[in-house]
Structures are given as structure tokens and as C-alpha cells.
Amino acid sequence: PGEKESLGDIRRLLEVVLRNAATKSDPKYKLLKTSNRNLWTRLLRFREVVAILENGAGFERRVVGTNTQIETEALRIEMERDRINVEISQALNESNRQDTIASLIADLDALEIAAANQQQLAGVAAEEARDFELGHAGAGEDRLGVKRILAILGAVESW
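Here is a short report on the structure shown in this document. Not measured: the values here are computed from a predicted model.

**A closer look at the overall build of the protein**
Right, so step 1: Looking only at helices and strands, the protein features 6 helices and 3 strands.
Right, so step 2: Shown N-terminal to C-terminal, the secondary structure of the protein runs as helices and strands in the order α-β-α-α-β-α-α-β-α.
Right, so step 3: The proportion of buried residues among the 159 residues of the protein is 31%.
Right, so step 4: For the protein, the share of sequence-separated contacts (at least 6 apart) that also reach a separation of at least 24 residues comes to 78%.
Right, so step 5: For the protein, the accessible surface area stands at approximately 10,300 Å², while carbon and sulfur atoms represent 51% of it.

**Thoughts on the pattern of salt bridges**
Right, so step 1: Evaluation of the coordinates by the stated rule reveals 7 salt bridges.
Right, so step 2: Residues Arg11 and Glu15 are paired through a salt bridge, measuring 2.3 Å at the closest nitrogen-oxygen approach. Here the residue Arg11 and the residue Glu15 both occupy positions in helix H1 (residues 7-23), the gap between them amounting to 4 residues, near one helical turn.
Right, so step 3: On the basis of relative accessible area, Glu15 is assigned to the buried category, the value being 12%.

**Regarding the packing of H1 against helix H2 (residues 37-44)**
Right, so step 1: Contact geometry for H1 and H2: axes closest at 10 Å, N-to-C directions at 120°. Taken together, the axes of H1 and H2 are oblique relative to one another. Where H1 abuts H2, its residues Ile10, Leu13, Leu14 and Val17 lie against Leu39, Arg42 and Leu43.

**Describing the sheet that holds strand E2 (residues 60-63)**
Right, so step 1: With antiparallel pairing, 3 strands are arranged side by side in an open sheet as E1-E3-E2. Of all strands in the sheet, those bounded by a partner on one side alone are strand E1 (31-33) and E2. Within this sheet the neighbouring strands show an average axis-to-axis angle of 25°, counted without direction.
Right, so step 2: Of the pairings in the sheet, the one linking E2 to strand E3 (residues 132-135) comprises 4 bridges and is antiparallel in character. Among the inter-strand pairings, Val63 is bridged to a residue of E3, identified as Phe132.
Right, so step 3: The strands that H2 touches are E1 and E3; relative to E1, the one it contacts most, it runs at about 90°.

**Let's talk about H2**
Right, so step 1: Those residues of H2 that fall on the buried side of the exposure criterion are Leu39, Trp40, Thr41, Leu43 and Leu44.
Right, so step 2: Structurally, the start of H2 carries an N-cap: the backbone nitrogen of Asn38 is 3.1 Å from a side-chain oxygen of Asn36.

Criteria and thresholds
- Residues numbered from 1 in each chain as written.
- Predicted model: local features only at pLDDT ≥ 70, side-chain atom pairs only at ≥ 80, totals over all residues.
- Heavy atoms only, no water.
- Helix = DSSP H or I, 4+ residues; strand = E, 2+ residues; numbered from the N terminus.
- Buried < 20%, exposed > 50% of the residue type's maximum accessible area, 1.4 Å probe, protein only.
- Contact = heavy atoms within 4.5 Å.
- Areas by Shrake-Rupley, 256 points an atom, 1.4 Å probe, with all protein chains shown as cover.
- Salt bridge = Lys/Arg side-chain N within 4 Å of Asp/Glu carboxyl O.
- Axes fitted to C-alpha atoms, helices over the stretch in contact; angles between N-to-C directions.
- Parallel < 35°, antiparallel > 145°, perpendicular 65-115°, else oblique.
- Pairing = 2+ DSSP bridges.
- Polar contact = N/O pair within 3.5 Å; in protein donor to acceptor, adjacent residues only side chain to side chain.

Laid out in C-alpha cells, this is it:
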């Protein structure tokens with residue numbers, strides 16, 4: 001961390017990664033882990049590089065980690081939603097509970113807003129966190145995967 005990578009350094013490492021994925025049969029060359037500190041700091045922390053690998057070369061993102069704080073809050077919201085719905089059902093079965101029902105519906109509306117905000121935060125956290133890896137299926141029957149990698153490699157080499 002704190003190291004500044006030049007565009008040339010990034011390009012050279014990207015060339016190595018693409019060439020290895022296209023030419024080596026060992027599956028380890030087709031799996032790029034953000035948990036690999038060197039790979040993260042020198043290459044995968046750059047969104048543009050990840051976009052090239054995903055959109056151009058055919059690597060697929062796989063979520064490998066979890067953010068327990070976000071998951072805990074999502075579970076809390078779900079449990080609170082269930083509790084409010086039960087109370088609404090009970091209040092509907094009793095007479096003269098309009099104030100209680102209105103209050104519970106307001107609570108449910110506020111909870112839905114909190115849930116939407118939580119989902120947005122979870123999306124941002126997943127995008128910015130090192131909780132993914134990039135995997136490539138390899139050549140396949142038609143070798144299209146390797147052709148895609150080699151095409152992107154040619155473009156990167158021409159930079």
C-alpha cells in the first residue's frame with residue numbers, strides 16, 4: 001500500500017497475467033485473487049483493469065468474502081419487518097386499533113427505506129472491497145476464451 005504504480009508497470013503486469021491465462025494449462029493462472037496482496041496493490045485495485053479483465057478478456061467476478069456488519073444489519077431489518085407485520089395482523093383482528101395500525105405502517109415504511117439504503121451500502125461495499133476474485137473458464141471446446149484473452153493481450157501490448 002502506498003506504492004505508486006506507473007502505467008507501464010500496470011501494463012506489463014496485465015500482459016503477464018493475460019499471457020499466463022492464455023498459455024498455461026494450470027488453473028491457478030486463470031484465477032486472480034484479490035487476497036493476493038501483490039496482485040491487489042499492483043493490478044486489481046484499479047477498476048479500469050478489472051473492467052478490462054471482465055468485459056474484454058472474459059474473466060468472471062466471484063464474491064468470496066462477506067461483510068458481517070452489513071449481513072447483520074440486513075438480518076436485523078428482516079426480523080424487525082417480520083415483527084411489525086405480526087403486530088399489524090394482530091391489530092387488524094382487534095377493534096378500534098386504527099392509531100396503532102397507522103403507527104406500525106409508518107414504522108414499516110421507515111424500515112423499507114432503511115432496507116433500501118442498506119442494499120445500496122452493500123453494493124458499494126462489494127464494489128470497493130477485496131471480497132472478490134476473477135476466474136476464467138479457460139479454453140473451452142471452441143478456444144474462444146483463449147482468443148478473447150489473446151485479443152486483449154494484443155491491445156495491451158500496443159499501448
